[in-house]
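Report on the structure
Spelled out, the chains give:
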Amino acid sequence: MGHTYLDCLAVLGIGGAHPGGLKLTKEILSGEALDQSKSVLEIGCGTGQTSAYIAEHYGCHVVALDNSNIMLDKAKQRFATINSAVETIHGNVERLPFADDSFDFILSESVLSFTDIALSISECQRLLKQGGKLLMIEIVHEQPLSEKEEMKIKDFYGFSQLLSENGWVRLLRQGGFEQVSVEKHAIIFDEHDLKHATEFSPSENVSHEYFNILKEHEYLSNFYKDNLGYRIFRCSS
Amino acid sequence: MSVEHYHKLCNQYMGRAVRIRTHDGRVHHGIIRHVDRRRVYLEPIRSNRNLGGFGYGYYGYGYGFGFGIALGAIAGIALASLFFW
Ligand SMILES: C[S@@+](CC[C@H](N)C(=O)[O-])C[C@H]1O[C@@H](n2cnc3c(N)ncnc32)[C@H](O)[C@@H]1O
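Residues numbered from 1 in each chain as written. Chains lettered and ligands numbered in written order. Predicted model: local features only at pLDDT ≥ 70, side-chain atom pairs only at ≥ 80, totals over all residues. Heavy atoms only, no water.

1. Structural notes on the side chain of His 141 of chain A
All names here are of chain A. For His 141, the position within the fold is in strand β5 (residues 128-141). Within the structure, His 141 has its side chain in polar contact with the backbone oxygen of Gln 143 (distance 3.3 Å). Setting aside anything within four residues of it in sequence, one finds His 141 in contact with Leu 162, Leu 163, Ser 164, Asn 227 and Leu 228. (Helix = DSSP H or I, 4+ residues; strand = E, 2+ residues; numbered from the N terminus. Polar contact = N/O pair within 3.5 Å; in protein donor to acceptor, adjacent residues only side chain to side chain. Contact = heavy atoms within 4.5 Å.)

2. Things to note about the UniProt feature "domain: Methyltransferase type" (unreviewed entry) in chain A
Summarizing the sequence annotation, UniProt attributes the feature "domain: Methyltransferase type" (unreviewed entry) to residues 41-135 of chain A in the numbering used throughout. With 35% helix and 31% strand, residues 41-135 of chain A has its two end C-alpha atoms placed 10 Å apart. (UniProt positions renumbered as here; feature names shortened; annotations may be inferred.)

3. A word on helix α6 (residues 147-157) of chain A
All names here are of chain A. Looking at α6, one finds that the buried residues are Ile 153, Lys 154, Phe 156 and Tyr 157. Taken down its axis, α6 places every buried residue within 170° of arc, on the same side. Residues of α6 that are exposed and angled more than 90 degrees away from the buried face: Glu 147, Lys 148 and Asp 155. Here the buried face of α6 lies against α1 (5-12), α8 (208-223) and β8 (228-236). Of the residues trailing α6, Gly 158 is marked for its positive phi of about 80°. (Buried < 20%, exposed > 50% of the residue type's maximum accessible area, 1.4 Å probe, protein only. Arc of directions from axis to C-beta.)

4. Focus: the sheet that holds strand β1 (residues 17-22) of chain B
Strand order across the open sheet formed by six strands is β7(A)-β5(B)-β1(B)-β2(B)-β3(B)-β4(B), with antiparallel pairing between neighbours. This sheet does not close on itself; its edge strands, each paired only once, are β7 (198-200) of chain A together with β4 (67-70) of chain B. For this sheet, the mean angle separating the axes of adjacent strands, direction not counted, is 45°. Two elements, strand β2 (residues 27-35) of chain B and strand β3 (residues 39-43) of chain B, share four bridges in a ladder whose sense is antiparallel. In the sheet register, His 34 of chain B faces β3 of chain B, and the bridge partner there is Tyr 41 of chain B. (Pairing = 2+ DSSP bridges. Axes fitted to C-alpha atoms, helices over the stretch in contact; angles between N-to-C directions.)

5. Remarks on the site of the ligand
Residues in contact with the ligand amount to 22 residues; listed here are only the nearest, Ala 17, His 18, Gly 44, Asp 66 and Asn 92 of chain A. In this structure, the ligand sits where chains A and B come together, each supplying nearby residues. Within the backbone of Gly 44 of chain A, an N or O atom sits 2.7 Å from a nitrogen atom of the ligand. Measuring from an oxygen atom of the ligand, one finds a side-chain N or O atom of Asp 66 of chain A at 2.5 Å. Taken together, the residues of the shell around the ligand break down into nine nonpolar, 10 polar and three charged. (Near = heavy atom within 4 Å. Nonpolar A, V, L, I, M, F, W, Y, C, P; charged D, E, K, R; others polar.)

6. What about the side chain of Ser 221 of chain A?
Residues and elements named next belong to chain A. With respect to the element layout, Ser 221 can be found in helix α8. Overall, Ser 221 belongs to the buried group, its relative accessible area being 14%. In this structure the side chain of Ser 221 is engaged in a polar contact, spanning 2.8 Å, whose partner is the backbone oxygen of His 217.

7. A few points about the packing of α8 of chain A against helix α1 (residues 3-12) of chain B
The N-to-C vectors of α8 of chain A and α1 of chain B enclose an angle of 10°; their axes lie 11 Å apart at closest approach. For the element pair α8 of chain A / α1 of chain B, the angle class is roughly parallel. Once α8 of chain A is placed against α1 of chain B, the crossing between them reads as right-handed. Judged by residue contacts, His 208, Phe 211, Leu 214 and Lys 215 of chain A of α8 of chain A engage Glu 4, His 5, Lys 8, Leu 9 and Gln 12 of chain B from α1 of chain B. Looking at the contact of α8 of chain A with α1 of chain B, its residues break down into three nonpolar, three polar and three charged. (Parallel < 35°, antiparallel > 145°, perpendicular 65-115°, else oblique. Left-handed = near helix turned anticlockwise from the far one by under 90°.)

Right under this line is the structure:
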């Protein structure tokens, strides 16, 4: 196990590791025509909070994919406690192990920034049925950062790129998504909102290093709070 | 996770609202006010509008920091207003 930000999320078993957490996920999904007849793929599912919610709430067929065994194990443990079935698959978002036209919806919550974005986008496009939709939550930079600052953020988090809203739209278009709708939400904290609190499902042995990574993350995201934000992208061909 | 790890986590998120499940199945809500080597002390949250239907949990050990929960009894923990990319 290395000591990267993603390792830290996996070892601490952070559920809802994306801006807005489960609360935003629910909001995004409520705007879509999801029902039992739809097939859903969640890429980079992490501990599986969102996949579990979709399976339980909408009764869809859900496939949850991640490339971290630690995350997948925690997701499987979660899925074993719910009444709906979720399929789990170990795989890489840049080369997804599915046939063309397999899904009605693909969901990606804070995942593509950690991958080769153009490759991942074209994979999603390939897997979607006609009329299918890619729903994403991703980090953006609101104002340009200096090269040094950008490097620092990319290095710490392990982002392949740190894009602006326009940068994302450009890559999505190039990847074959002609219709891209973008929503901007502010980062608002309700400090007492325990209903949507961040769950931890930590592993048995947690190296001290991961607590330092948490600290560094808190520090960086606070320091750059005016420069960094996120967007919701709803994309179809 | 061990007692030591919960100690670190609670220290790191001092002042934040937390939901703690203990091995006896109870759920506790409150603001982390103090942590020592054996317990974490929570101040009850007055308004329950955002507790999501959970009860208030258990109020033992009134040491001025609110109620104490043995770190060794913690089965699960969730923290409010955390944020991840
Ligand atoms: C910031 S976490 C978000 C997890 C989850 N979507 C959530 O909101 O809680 C990013 C996730 O993407 C996964 N991931 C990163 N790169 C990946 C890749 N190339 N293929 C598959 N999964 C990947 C990580 O293992 C991690 O679970």
